Amino acid sequence: MNLPRDKVDAVIVGSGAAGSAMAARLAEGGKSVVLLEAGPARSPADLVSSGIWARRLKWGGDPVLEDGDQPVGYVFNAGFGTGGSAMHHYAVWPRFHREDFDVSSRHGRGLDWPIGYDELAPWYDEVQEEAGVSGDAEQEIWRPPGAPYPLPPVPVFPQGEILARGFSARGLHTAPLPLAILSKRYRGRAACLWDGWCDAGCPIGALANPMTVHLPRAAAASAVLETDATVTRVLTNANGDRAVGVEFARAGGARERVMADVVVLAAFAVQNPRLLLASSSDRHPNGLANSSGLVGRYVMSHGAGLIYGLFDEDTQCHMGAFGGQLVNQDGYPKDMHAEDGAFGSYQWMIGQAVRPNDLLGIGTTRADLFGNDLHAFMRRAARGFASMTAVVEDLPVADNAVRLSDRKDPSGVPLATVTHTVDPASHALWQSVLAEGTAIFEAAGADSVWTGPRGAMHIMGGTIMGDDAGSSVTNSYGQCHDVPNLVIAGPGLFPTSAGVNPTFTVHALTARAADYLLKHWSALQP
Amino acid sequence: MASLTRRRFFRQGGLGLLTFCVGGCEVQMTPGEARRQSATMRILAPKEVATLEALADTLLPGSRELGIAHYIDHQLAEPADRQLLMIKYLNVDPPFAAFYREGLAALERAAASGGEGSFDELPEDLKHELVARMSRENPPGWGDGPPAPFFYFILRNDALDVTYGTMDGFAALGIPYMAHIEPPSRWGE
């Protein structure tokens, strides 16, 4: 694909959930759009059903250095190539709750968002229609107000039924897990076969990833996607108060530029702040859009509460979606485990489809076993294994941050170092959650129950939104306070992490921002 | 039947078997076939291969014959962004060959410190004992290699990949593979 020689209306960095959605909406709004993706071009034919081959969808670009007591797991959580990390996401799409938007005001902890749930609700409604979300809104007794799902709930297989028994015995409620996976044919897309290959990319189009939903729309509206194009710098005018384009490196190292009226950074929660910090100049010696000193700060990653068990029954644990079959959000009140020193919300994703191998596979859950004992366990677990995962809120901590390393990539851009150490109240919540999960498995009749280490799930923050330039990087539309035609999109905007998966909220925020930008485009011009 | 047809519509058959060098010619085959035909290693030295196979077969018996050393060697020879080893998830800087080499060398030092000789020549019970210790802590003599429990974790997962992460591995466990697009190599045949 040849890039336009002239200045375009918008250049977007990153082709994942936020970048592809922004590209589709701006292009359909009549804007000329170029989308730059660091990784290689991929098509549905590249989405091989294999836990091994699917690793190519994970980050494969410049190394990201990690420290702190709970690294964010960048390579596992990030993506590389057409569609970015959303190509391997599990499509668990719950909404944030009202109390997620004003945590500081309610509890004196964390931060507040500059918007509330009611401002975002119409965008959740719109996005779920275009993406196709399956669920049962009435059964989700915790769900904030909103339109019912456009598709019926996903099926429940024996693993889900068995674990629901445990929740019921403990007086807890379960509902179908809301998934951006089609429970029946929808808008020309095929329904899911419930074979558990979600994270390998879903080549049949049942899962709402960028390759299925937004990139085709963007292309139809003449947006140009350029792959193997790693952005190295945001370019500004002489005053440093306007973005004028980006510089990028081709795979062979050649540098090129795309000039644009609006620059959108949608390169996920680590590369966005890295780019801003690396785009320093005389006007912005501490990094672009960083007058607050907050670029890179408040990086968050959900704690994964992993519960495993073996049952006498055949759980058919390979069936369903990788994200699970059922949800429980009874643990959403943020002070529910205050007696344990814990704070925050969590949800259970119940009955994940699992494979024998890979980081989340059956074999990895019992890392203590080897030799013939491991073979015996694998044979036993193939029939009776069950699992569920808690998404545990991670409080924002200013010192959890993306910073520039002394090491540089081949283009001379400093690598990102990500520090993430868990707040004690978030860690206490994770511990309380493990105890609850263990009790639920026991109540369900498990022969044996064990837990996993605190995994890092999702990456958020680093370019937080807020009401003023002194305490945030962007406004609620993602416009940088210091450089209004430089827009951030994606989970990096989140001031708090909530206790649910972020992608639905990324889409709702992006839809709202794109709508605002289109309506105020002239105000973005010099 | 409709769903079966849809499931297979991207089927790639036997395309893209891993490429190994046999007798000076590049041949596509599974890692198990590569081992049986003594395909040339590109990264690992013969002694490293012997140690790796002995360790892997202790971690998960049968992985030696399934070609784990050829699988790892092949992946280590690939560019970092195309490698499929699980180590890429785990905050180890590429290239990963140094990690494997240092871990294997550390294992040999630990084996030698016990006075019984090379790891691959140890009796099975001593191999098992040393690997059990690796899973918990650095054994005596381990030295400057990567932390032994981490090296154990990585190699154990490589063995799981080769043994159970394939279509044949699923079949061995009685788990339907249900591919939309079959992986290009039936490792372990």
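Residues numbered from 1 in each chain as written. Chains lettered and ligands numbered in written order. Predicted model: local features only at pLDDT ≥ 70, side-chain atom pairs only at ≥ 80, totals over all residues. Heavy atoms only, no water.

A. Geometry of the overall build of chain A. Helix and strand counts for chain A come out as 11 helices and 17 strands. Taken over the C-alpha trace, chain A has a radius of gyration of 22 Å; the compact-globule value for 526 residues is 24 Å, and the two agree within 12%. With the principal axes as the frame, chain A shows a C-alpha extent of 70 × 50 × 50 Å. Counting over 526 residues, chain A shows a buried share of 67%. Sequence separation of 24 or more characterises 73% of the internal contacts of chain A that already satisfy a separation of 6 or more. Put simply, chain A shows about 16,300 Å² of open surface, and 48% of that area lies on carbon and sulfur atoms. (Helix = DSSP H or I, 4+ residues; strand = E, 2+ residues; numbered from the N terminus. Rg over C-alpha atoms; globule rule 2.2 N^0.38 Å. Buried < 20%, exposed > 50% of the residue type's maximum accessible area, 1.4 Å probe, protein only. Contact = heavy atoms within 4.5 Å. Areas by Shrake-Rupley, 256 points an atom, 1.4 Å probe, with all protein chains shown as cover.)

B. Seen up close, unusual backbone geometry. That bond from Pro94(B) to Pro95(B) is cis: its omega, 0°, falls within 30 degrees of zero. Within the secondary structure, Pro95(B) sits in the loop between α4 (68-76) and α5 (97-113). The phi dihedral of Cys202(A) is positive, around 50°, even though this residue is not glycine. You can see Cys202(A) is positioned in the loop between β4 (175-176) and α6 (214-220). Assessed through its relative accessible area of 9%, Cys202(A) is described here as buried. Look at Asn91(B): it is not a glycine, yet its phi comes out positive at around 60°. Structurally, the position occupied by Asn91(B) is in the loop between α4 and α5. Under the relative-accessibility criterion, Asn91(B) is labelled partly exposed at 42%.

C. Layout of the layout of surface pockets. Estimated volume of the second largest pocket: approximately 370 Å³. Forming the walls of the second largest pocket are 17 residues, and the residues nearest its centre are Arg42(A), Asp46(A), Trp53(A), Arg56(A) and Arg82(B). A per-class count over the lining of the second largest pocket returns 11 nonpolar, one polar and five charged. (1 Å grid on protein atoms, 1.4 Å probe; cavity = no way out; pocket = protein on both sides within 12 Å on 5 of 7 lines; lining within 4 Å. Points joined across faces, edges and corners; volume = space filled by probe spheres on them. Nonpolar A, V, L, I, M, F, W, Y, C, P; charged D, E, K, R; others polar.)

D. View of the pairing of strand β1 (residues 8-13) of chain A. Residue and element names in this part refer to chain A. Counted residue by residue, β1 has five buried out of six residues, so it is predominantly covered. Where β1 lies against strand β8 (residues 255-265), five bridges are found, and the strand directions are parallel. Within β8, the position partnered with Val-11 by the bridge is Val-263. Examined bridge by bridge, β1 and strand β2 (residues 33-36) share four bridges and lie parallel to one another. Each residue of the ladder has a partner; that of Ala-10, found in β2, is Val-33. A crossover links β1 with its parallel partner β2, the connecting element being helix α1 (residues 17-28), and its sense is right-handed. (Pairing = 2+ DSSP bridges. Right-handed = clockwise from strand over helix to strand, strands pointing away.)

E. Empty space enclosed by the protein, seen in detail. Overall, the coordinates contain five cavities of 30 Å³ or more when judged by the stated rule. Looking at the largest cavity, its volume works out to about 80 Å³. Lining the largest cavity are Ile181(A), Cys192(A), Leu193(A), Asp195(A), Gly196(A), Trp197(A), Cys198(A), Cys202(A), Ile204(A), Ala206(A), Leu207(A) and His180(B). Taken together, the residues of the lining of the largest cavity sort by class into nine nonpolar, two polar and one charged.

F. Highlighting the packing of aromatic side chains. All names here are of chain A. All chains considered together, the criterion is met by 29 aromatic pairs over all chains. Taken together, a centroid distance of 5.2 Å and an interplanar angle of 40° make the contact between Trp-113 and Phe-494 tilted. Of this pair, Trp-113 sits in the loop between α3 (103-107) and α4 (117-131) while Phe-494 is found in the loop between β17 (486-488) and α11 (503-519), placing the two residues 381 residues apart along the sequence. The exposure class assigned to Phe-494 is buried, which follows from its relative accessible area of 0%. (Phe/Tyr/Trp six-rings, centres within 6.5 Å; stacked < 30°, edge-to-face > 60°.)

G. Structural context of the interface of chain B and chain A. The interface of chain B with chain A comprises 49 residues on the first partner and 51 residues on the second. Buried area between chain B and chain A, both sides added, is near 4,500 Å², and the carbon and sulfur share of it is 64%. When residues of chain B are sorted by the area they lose upon contact with chain A, Leu84(B), Tyr89(B) and His180(B) head the list and together hold 16% of the total. Inspection of the region where chain B meets chain A yields three salt bridges. Between Asp161(B) and Arg55(A) there is a salt bridge, and its shortest N-O distance comes to 2.7 Å. Counting across the chain B and chain A interface gives 22 residue pairs in polar contact (both at pLDDT 80 or more). Looking at the side of chain B that touches chain A, the elements with two or more residues in it are α1 (2-7), α3 (46-59), α6 (124-134), α7 (148-164) and α8 (167-173) of chain B. Among the residues making up the side of chain B that touches chain A, the classes are represented as 29 nonpolar, 10 polar and 10 charged. (Buried area = accessible area lost by both parts, 1.4 Å probe. Salt bridge = Lys/Arg side-chain N within 4 Å of Asp/Glu carboxyl O. Polar contact = N/O pair within 3.5 Å; in protein donor to acceptor, adjacent residues only side chain to side chain.)

H. The arrangement of the side chain of Ser134(A) in detail. All names here are of chain A. Tracing the chain through its elements places Ser-134 in the loop between α4 and α5 (158-169). Using a relative accessible area of 0% as the deciding quantity, one classes Ser-134 as buried. Within the structure, the side chain of Ser-134 is placed 3.1 Å from the backbone nitrogen of Ser-183, a separation counted as a polar contact. If sequence neighbours within four positions are ignored, Ser-134 has contacts with Tyr-149, Leu-151, Pro-152, Pro-153, Val-154, Leu-177, Pro-178, Leu-179, Ile-181, Leu-182 and Ser-183.

I. Geometry of the pairing of strand β13 (residues 402-408) of chain A. Residue and element names in this part refer to chain A. Direction of pairing for β13 relative to strand β14 (residues 414-419): antiparallel, over a ladder of four bridges. Note on β14: the bridge partner recorded for Arg-403 is Thr-417. Hairpin remark: β13 followed by β14, antiparallel, with five residues in the connecting loop; positive phi at Gly-412, about 90°.

J. Structural detail: the pattern of salt bridges. What the rule picks out here adds up to 38 salt bridges over all chains. For Arg64(B), the salt bridge is made with Asp57(B), and the minimal N-O distance between the two is 3.8 Å. For Arg64(B), a relative accessible area of 21% puts it in the partly exposed group. For Asp57(B), a relative accessible area of 18% gives the class buried. Arg133(B) is the salt-bridge partner of Glu137(B), the closest N and O atoms lying 2.9 Å from each other. When salt bridges with common partners are traced through the structure, they connect Arg25(A), Glu28(A), Glu126(A), Glu130(A) and Arg217(A) into a single cluster.

K. Quick peek at α4(B). Residues and elements named next belong to chain B. The buried fraction of α4 amounts to nine of the nine residues, a majority that puts the element mostly inside the structure. Residues Ile-68, Ala-69, His-70, Tyr-71, Ile-72, Asp-73, His-74, Gln-75 and Leu-76 constitute the buried set of α4. Lining the buried residues of α4 we find β1 (19-22), α2 (31-36), α3, α5 and α7.

L. Quick look at the nonpolar core. With 211 residues, the main nonpolar core has Leu486(A) and Tyr100(B) as its most contacted residues. Residues in contact with Tyr100(B), not counting those within four places in the same chain, are Ile72(B), Leu76(B), Leu85(B), Ile87(B), Phe151(B), Ile154(B), Leu155(B) and Asp158(B). Core analysis: the next-biggest nonpolar cluster, separate from the first, contains 24 residues, Tyr346(A), Trp348(A), Val392(A) and Leu434(A) among them. (Core = buried A, V, L, I, M, F, W, Y, C linked by side-chain atoms within 4.5 Å.)

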